[in-house]
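# Observations on the three-dimensional arrangement
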Amino acid sequence: MAWGRVGLWGAALGVLLALLLPRDGAPAPALAASSAAAPVLCNVSLDSPPERRWEPVLSQFDPVFLRSAAERIIDETVPKWVHAVLRPIAEKLDDYVPQPFAGEIRGMCKSVGVKVGDLLLLNLAYESTAFCTSIIAQDDNGNIYHGRNLDYHFRDVLSKLTIDVNFVKNGKVVYKGTTFLGYVGLWTGQRPYKFTISGDERDVGTWWENAVAAFLNRNSPVSWLIRTVRRPNFLNPFYTPHYRSLTENTLSEAEDFETAALTLAKTPIIASVYYIIGGAAARQGAVITRKRRGPVDIWPLDPLAGAWYRVETNYDHWKAPPPSDDRRTPAIKAMNATGQRNINLESLYQVLSTKPVLNNYTVYTTVMSAAFPQKYTTRIRTLE
C-alpha cells in the first residue's frame, strides 16, 4: 500500500485519513485553441422535483437523436448478461437507486421516451470506460488549478451530448459540472470557493462483474458520489453509510476541502477509481486512489518539497503506465516545461492539449479553480 503525505492537510484531517488507510467575478480564461466549441450551458433547479428538473434541458435536444445515441452506446458497451441482470431492477428502482437519481432517471425516461432499464444501463455504461487525464497544480502564489481531459469511445456522439450544468437552489448556483445528457452522475464538478473534483477510471480489470455485484449491494456508482453523499460521521470515523442514506450532495453539502476529500476516500462505490480533488487554498490538492470499499493511497500536493503538481491518468501513480497508453510522461514533460511560475488555467489547458494527452478519444477538456469559480471552462475537443 502506498501512502501519501496526509499531514499536509492539517493535523485533524491527517488523523482521520490515517484511520481510513490499512476570487470570483473573473471571466473565463481566453484559451488559445479558440476553435474548440463550448458546450451548451444549462441550469438544473434542485428546487424542482427530481422527476421534473431535467425537462428544460431535455427540451433543447432532439429526442430521436437521444434515443438512437443511447441505443448505440448500450449495444456496443454493455455485455448482454448485464442486460438480463439489471433490466428487471427497473421494476423496483427505488430498492437499488437512491433519490434524487431514481426520480431523475424516471423523469428523463418519460421526456425522451426510453425504458427505465435502458437508461440505468446507459448510466452504468458511462461508468465503465472513461479513460481520462487529470492534473492538479499550485502556482508560486498558492493558487490551485485543476484540469482534466475526458476520453471516451463514441466521441462523435458524446461531443453532441456534452453539457455544462449549473445546479441551482434558491436562485443560487450551488455547484457546477460537466456531463453527458442522460447521465445523472458527474465526472467533473466544482463547488464555488470550496473545491473541485474530477474522476478517472482505475484500470483493474473485470469491471462489469465487480461493478454489478457492488451495485446490487447498493454501493454508489463512482460518478454519483461526486454529486451525492451524506456528510461523514466524524464521531465515528469507521462509519460506513448505507447506499440509501446517500441523500445529500458532496458538491452541495461538503463544507470544505477536507470534508469532501474524506467523503470521496471513504464511501463504498461500485468500482475502483481515482478521485482528483483541489481546494481553494494553498496545498489543497490530492489524488485519491480508491478500491470499492475504501482508499488505497492518498497522494497530496507537496509544493514545499517541489511537488507542485500531480498528474493522474488511469494507472496507479507508483507504477509505470503501459507503453501503449502512456499519457502520463508527456503530461509531466509539459508541466515541467511550463513551470510553477507560469502555471494558470490557460497554460494548463495547453498542457492538456499536448498529444497524446489530447487524443482521438478526448471528448472534452475542463479547467477550473475553486477560488475563481467564474473561470470554469469546458471545450469540446477535436484532434487537429
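Okay, so let's go over this structure. Remember, predicted model here, so these are calculated numbers, not experimental data.

## Topic: the packing of aromatic side chains
For any two aromatic rings, the description comes down to two numbers: the centre-to-centre distance and the angle of the planes. Across all of its chains, the model carries nine aromatic pairs by this definition. Both rings, one in Y152 and one in F180, keep their centres 6.3 Å apart while their planes meet at 65°; by these two values the pair is edge-to-face. Taken together, the positions of Y152 in the loop between β3 (144–151) and α8 (155–158) and F180 in strand β5 (residues 172–180) put the pair 28 residues apart, joining distant regions of the chain. The pair formed by Y152 and F180 is uniform in burial state, with each residue classed as buried. Summarising the aromatic geometry, the rings of F167 and Y175 are spaced 4.5 Å apart at their centres and angled 15° between planes, so their arrangement reads as stacked. What makes Y175 buried here is its relative accessible area of 0%. Among the aromatic residues, those joined into a cluster by ring pairs are Y126, Y152, F154, F180, Y183 and Y364.

## Things to note about the sheet that holds strand β13 (residues 377–380)
Pairing between the strands of a sheet comes from backbone hydrogen bonds, and it takes one of two forms, parallel or antiparallel. Ordered in space as β11-β2-β3-β12-β13, the five strands form an open sheet in which the pairing is antiparallel. Only two strands of the sheet have a single partner each, and these edge strands are β11 (309–312) and β13. Averaged over all adjacent pairs, the angle separating strand axes in this sheet is 10°, with direction ignored. In the sheet, strand β2 (residues 131–138) pairs with β11 via four bridges, with the strands oriented antiparallel. In the sheet register, A137 faces β11, and the bridge partner there is Y309. In this fold helix α13 (residues 328–338) packs onto β2 and β11, with an angle of close to 160° to the strand it touches most, β11. Contacts from helix α14 (residues 345–352) reach β2, β3, β12 (362–368) and β13 within the one sheet, and its direction differs from that of β12 by about 155°.

## Comments concerning the sheet that holds strand β4 (residues 162–169)
Strands sit in the order β1-β4-β5-β6-β7-β8-β9-β10 across an open sheet of eight strands; the sheet is mixed. Edge positions in the sheet fall to β1 (40–45) and β10 (295–300), since each of these pairs with one other strand and no more. With strand direction ignored, the average angle separating the axes of adjacent strands in the sheet is 20°. Sheet topology places strand β7 (residues 195–201) next to strand β8 (residues 273–279); seven bridges connect them, and they run antiparallel.

## Here we look at α13
In an α-helix, one turn spans 3.6 residues, which is why side chains three or four residues apart end up on the same side. Considered for burial, the residues of α13 that qualify are R328, P330, A331, A334, M335 and T338. For α13, the arc enclosing every buried residue in end-on projection is 165°, short of the 170-degree limit, so these residues lie on one face. Of the residues in α13, the exposed ones pointing more than 90 degrees away from the buried face are K333 and A337. Lining the buried residues of α13 we find β2, β11 and α14. Downstream of α13 by one or two residues, G339 has phi in the positive range, about 85°.

## Some details on the pairing of β10
Along β10, six of the six residues are buried, which leaves the element largely enclosed by surrounding structure. Where strand β9 (residues 285–290) lies against β10, five bridges are found, and the strand directions are antiparallel. Bridge assignment links V287 to a residue of β10, and that residue is W299. Counting the residues between successive antiparallel strands, the hairpin from β9 to β10 contains four residues.

## As for the pairing of β9
Counting buried residues along β9, six of its six residues qualify, which places the element largely inside the surrounding structure. Neither face of β9 is open: one carries G285, V287 and T289, the other A286, I288 and R290, and all of them are buried. Pairing geometry for β8 and β9, over six bridges, is antiparallel. When the sheet's bridge partners are listed, I276 is paired in β9 with V287. Counted along the chain from β8 to the antiparallel partner β9, the turn is five residues long, and its residue R283 has a positive phi close to 70°.

## Here's the deal with the pattern of salt bridges
Under the counting rule described, the total for this entry stands at 13 salt bridges. Between D118 and R87 there is a salt bridge whose closest N-O contact spans 2.5 Å. Within this pair, whereas D118 is found in helix α7 (residues 116–128), its partner R87 is found in the loop between α4 (80–86) and α5 (93–96), the two being separated by 31 residues in sequence. Residue R87 is classed as partly exposed on the basis of its relative accessible area, which comes to 35%. For K319, the salt bridge is made with D316, and the minimal N-O distance between the two is 3.7 Å.

## Some remarks on a nonpolar patch on the surface
Side chains of W81, V85 and L216 sit close together on the surface and give an oily, nonpolar patch of about 230 Å² of accessible area. Residue class for V85 comes out partly exposed when judged on its relative accessible area of 33%.

## Comments concerning the environment of N43
By the secondary structure assignment, N43 is in strand β1. Put simply, N43 and V173 are 130 residues apart on the chain and 8.8 Å apart in space, counted from C-alpha to C-alpha. If sequence neighbours within four positions are ignored, N43 has contacts with V57, N166 and V168. Polar side-chain contacts of N43 include one of 3.3 Å to the side chain of N166.

## Quick look at helix α3 (residues 63–77)
The end-to-end C-alpha distance of α3 is 21 Å, a good match for the 21 Å that 15 residues give at a rise of 1.5 Å each. Taken as a whole, α3 has its buried residues at L66, A69, A70, I73, I74 and T77. The buried residues of α3 all sit within an arc of 125° when viewed along its axis, so they share a single face. Within α3, the exposed residues directed more than 90 degrees away from the buried face are E71 and E76. The backbone nitrogen of V64 has a side-chain oxygen 3.0 Å away, supplied by the residue at the start of α3, namely D62.

Parameters at a glance
Residues numbered from 1 in each chain as written. Predicted model: local features only at pLDDT ≥ 70, side-chain atom pairs only at ≥ 80, totals over all residues. Heavy atoms only, no water. Phe/Tyr/Trp six-rings, centres within 6.5 Å; stacked < 30°, edge-to-face > 60°. Helix = DSSP H or I, 4+ residues; strand = E, 2+ residues; numbered from the N terminus. Buried < 20%, exposed > 50% of the residue type's maximum accessible area, 1.4 Å probe, protein only. Pairing = 2+ DSSP bridges. Axes fitted to C-alpha atoms, helices over the stretch in contact; angles between N-to-C directions. Contact = heavy atoms within 4.5 Å. Arc of directions from axis to C-beta. Salt bridge = Lys/Arg side-chain N within 4 Å of Asp/Glu carboxyl O. Patch = residues over 30% accessible without salt bridge, like charges linked within 9 Å, V, L, I, M, F, W, Y side chains within 5 Å. Areas by Shrake-Rupley, 256 points an atom, 1.4 Å probe, with all protein chains shown as cover. Polar contact = N/O pair within 3.5 Å; in protein donor to acceptor, adjacent residues only side chain to side chain. Expected span 1.5 Å × (residues − 1).

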